Amino acid sequence: MTTYAIGDIQGCYHAFRALLTRINFDPKYDQLWLVGDLINRGSGSLEVLRWCYQYQDSLRVVLGNHDLHALVVANGIVRPHRGDTFDALFAADDCEILLNWLRHQHLIYYQDSCLMVHAGLLPQWTVKQAMAYAREVEEALQGGNYLDFLRSMYGNEPRRWSESLTGADRLRVLTNAMTRLRVCRADGEMEFTFKGELQDVPDGYMPWFDVPSRATKEVGVIFGHWSALGLRHSANIYALDTGCLWGGQLTAMEIHSKRIFQVPSNPLDKSLKPSP
């Protein structure tokens, strides 16, 4: 069995299928780790989800901010953003089945000293702590009162983790860290507006993986979310969002050898909707 991790797909179904061909993926023998943001912005969100549902036994998936956003919009909690591409998904006969499957995916997946998360980890969290915190969010998202969680999920506050946090504030900080984090202060205070390149990180902040005291330094961390960062493959950090949606590439990494495979973006994946 060969295991591959794949960066943010974001509804780029044609590029995704090309990458599967590039790595000779066989669902009977191989396994895919998907780093989240499976859907939205590309034209093939429905097709991507249908493929994932069909081959779910061969997948390990963590949720990204766009995946969670789809669940919020589908339940009428917020209106869609101008650049969202959910129309075909929401109109499909199997929409409820697909979104229910999506809602039951992980926030963090850990196996063989390798951890996968969509965005990042706060520096003070150990692997054991991060896994426990992810389970808290997963239980809220998968439980009977999941709409209460979705209604309170959006927001930038609190920006700093504390074990004393409870209720919606606690779940919001945990969700933001795992699905939105790019940069933070040394004490873990998060900043959510920055989306740029490393040389433009705001003063006083740093990439979450560069915090000197980070408790997960000895673990390989695979993540996406930060397309401007691009491919990063060093010091137990493996960033795989290479901006396929924006005309870049879709990237896969064979987890054991760390070998990289890429395919270019496909014009057929571009949404006809305007960007926000």
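The text that follows walks through the structure, step by step, so that each part is easy to find. (Residues numbered from 1 in each chain as written. Predicted model: local features only at pLDDT ≥ 70, side-chain atom pairs only at ≥ 80, totals over all residues. Heavy atoms only, no water.)

This brings us to the overall build of the chain. Scanning the chain for helices and strands turns up eight helices and 13 strands. At 17 Å, the chain has a C-alpha radius of gyration in line with the 19 Å of a compact globule built from 276 residues. Per-residue burial for the chain yields a buried fraction of 55% across its 276 residues. When the accessible area of the chain is evaluated, it comes to approximately 12100 Å², of which 48% is carbon and sulfur surface. Each charge class in the chain was averaged separately, 27 positive and 31 negative side chains, and the resulting centres sit 2 Å apart. (Helix = DSSP H or I, 4+ residues; strand = E, 2+ residues; numbered from the N terminus. Rg over C-alpha atoms; globule rule 2.2 N^0.38 Å. Buried < 20%, exposed > 50% of the residue type's maximum accessible area, 1.4 Å probe, protein only. Areas by Shrake-Rupley, 256 points an atom, 1.4 Å probe, with all protein chains shown as cover. Lys, Arg positive; Asp, Glu negative; His and termini not counted. Charge placed at Lys NZ, Arg CZ, Asp CG, Glu CD.)

Our next topic: the packing of aromatic side chains. Scanning the entire structure with this criterion turns up 14 aromatic pairs. Ring centres 4.7 Å apart and planes at 45° place the aromatic pair Trp-51 and Tyr-55 in the tilted group. For Trp-51, a relative accessible area of 7% corresponds to the buried category. Measuring from ring centre to ring centre gives 4.7 Å for Tyr-133 and Trp-161, while their planes differ by 55°; the resulting arrangement is tilted. With a gap of 28 residues between them, Tyr-133 in helix H6 (residues 127-142) and Trp-161 in the loop between helix H7 (146-152) and helix H8 (167-180) connect regions that are remote in the sequence. Look at Tyr-133 and you get buried, because its relative accessible area is 6%. A connected cluster of aromatic rings, assembled from ring pairs, spans Phe-194, Trp-208, Phe-209, Phe-223 and Trp-226. Cation over ring: Arg-180 sits above Phe-192, and NZ or CZ is 4.3 Å from the ring centre. The ring of Tyr-205 carries Arg-185 above its face, with NZ or CZ at 4.3 Å from the centroid. (Phe/Tyr/Trp six-rings, centres within 6.5 Å; stacked < 30°, edge-to-face > 60°. Lys NZ or Arg CZ within 6 Å of the ring centre and 35° of its normal.)

The peptide bond linking Glu-157 to Pro-158 adopts the cis configuration, its omega dihedral lying at -10°. Assignment of secondary structure puts Pro-158 in the loop between H7 and H8. At Ser-113, a position not held by glycine, the phi torsion is positive, near 60°.

Quick look at the layout of surface pockets now. If you add up the space inside the largest pocket, you get close to 670 Å³. Lining the largest pocket are 26 residues; nearest its centre among them are Asn-65, His-66, Arg-182, Lys-195 and His-225. Only helix H3 (65-74) and H8 provide two or more residues apiece to the lining of the largest pocket. Broken down by class, the residue content of the lining of the largest pocket amounts to eight nonpolar, eleven polar and seven charged. (1 Å grid on protein atoms, 1.4 Å probe; cavity = no way out; pocket = protein on both sides within 12 Å on 5 of 7 lines; lining within 4 Å. Points joined across faces, edges and corners; volume = space filled by probe spheres on them. Nonpolar A, V, L, I, M, F, W, Y, C, P; charged D, E, K, R; others polar.)

Pairing is mixed in the open sheet, where five strands are placed in the order S4-S5-S9-S11-S10. Edge positions in the sheet fall to strand S4 (108-111) and strand S10 (232-234), since each of these pairs with one other strand and no more. When the angles between neighbouring strand axes are averaged without regard to direction, this sheet yields 15°. Bridging between S4 and strand S5 (residues 114-117) involves four bridges; their strand directions are antiparallel. Among the inter-strand pairings, Gln-111 is bridged to a residue of S5, identified as Cys-114. Its contacts with the sheet place H6 against S4 and S5, and it is angled at close to 140° to S4. (Pairing = 2+ DSSP bridges. Axes fitted to C-alpha atoms, helices over the stretch in contact; angles between N-to-C directions. Contact = heavy atoms within 4.5 Å.)

Considered for burial, the residues of helix H5 (residues 95-103) that qualify are Cys-95, Leu-98, Leu-99, Trp-101, Leu-102 and Arg-103. Where H5 is buried, its residues meet helix H2 (45-54), strand S3 (59-61), H3, helix H4 (87-91), H6 and H7.

In the contact formed by H6 and H8, the axes pass within 10 Å of each other and the chain directions differ by 115°. As summarised for this structure, H6 and H8 are arranged roughly perpendicular, according to the angle between their axes. Where H6 crosses over H8, the two elements pack in a sense that is left-handed. Where H6 abuts H8, its residues Ala-130, Tyr-133, Ala-134, Glu-136, Val-137 and Ala-140 lie against Arg-170, Leu-171, Leu-174, Thr-175 and Met-178. (Parallel < 35°, antiparallel > 145°, perpendicular 65-115°, else oblique. Left-handed = near helix turned anticlockwise from the far one by under 90°.)

This part takes up the side chain of Gln-10. With respect to the helices and strands, the residue Gln-10 is situated in the loop between strand S1 (3-6) and helix H1 (13-22). Within the local environment of Gln-10, its side chain forms a polar contact with the backbone oxygen of Asn-40, the two atoms lying 3.4 Å apart. Setting aside residues up to four positions removed in sequence, Gln-10 forms contacts with Asp-37, Leu-38, Ile-39, Asn-40, Arg-41, Gly-42, His-66 and Leu-245. (Polar contact = N/O pair within 3.5 Å; in protein donor to acceptor, adjacent residues only side chain to side chain.)

Moving on to the nonpolar core. Ile-6, Leu-32 and Trp-125 are the most contacted members of the largest nonpolar core, which has 86 residues in total. With eight residues, H6 is the single largest residue contributor to this core. With twelve residues, the next largest nonpolar core counts Val-35, Tyr-109, Ile-222 and Tyr-238 among its residues. (Core = buried A, V, L, I, M, F, W, Y, C linked by side-chain atoms within 4.5 Å.)

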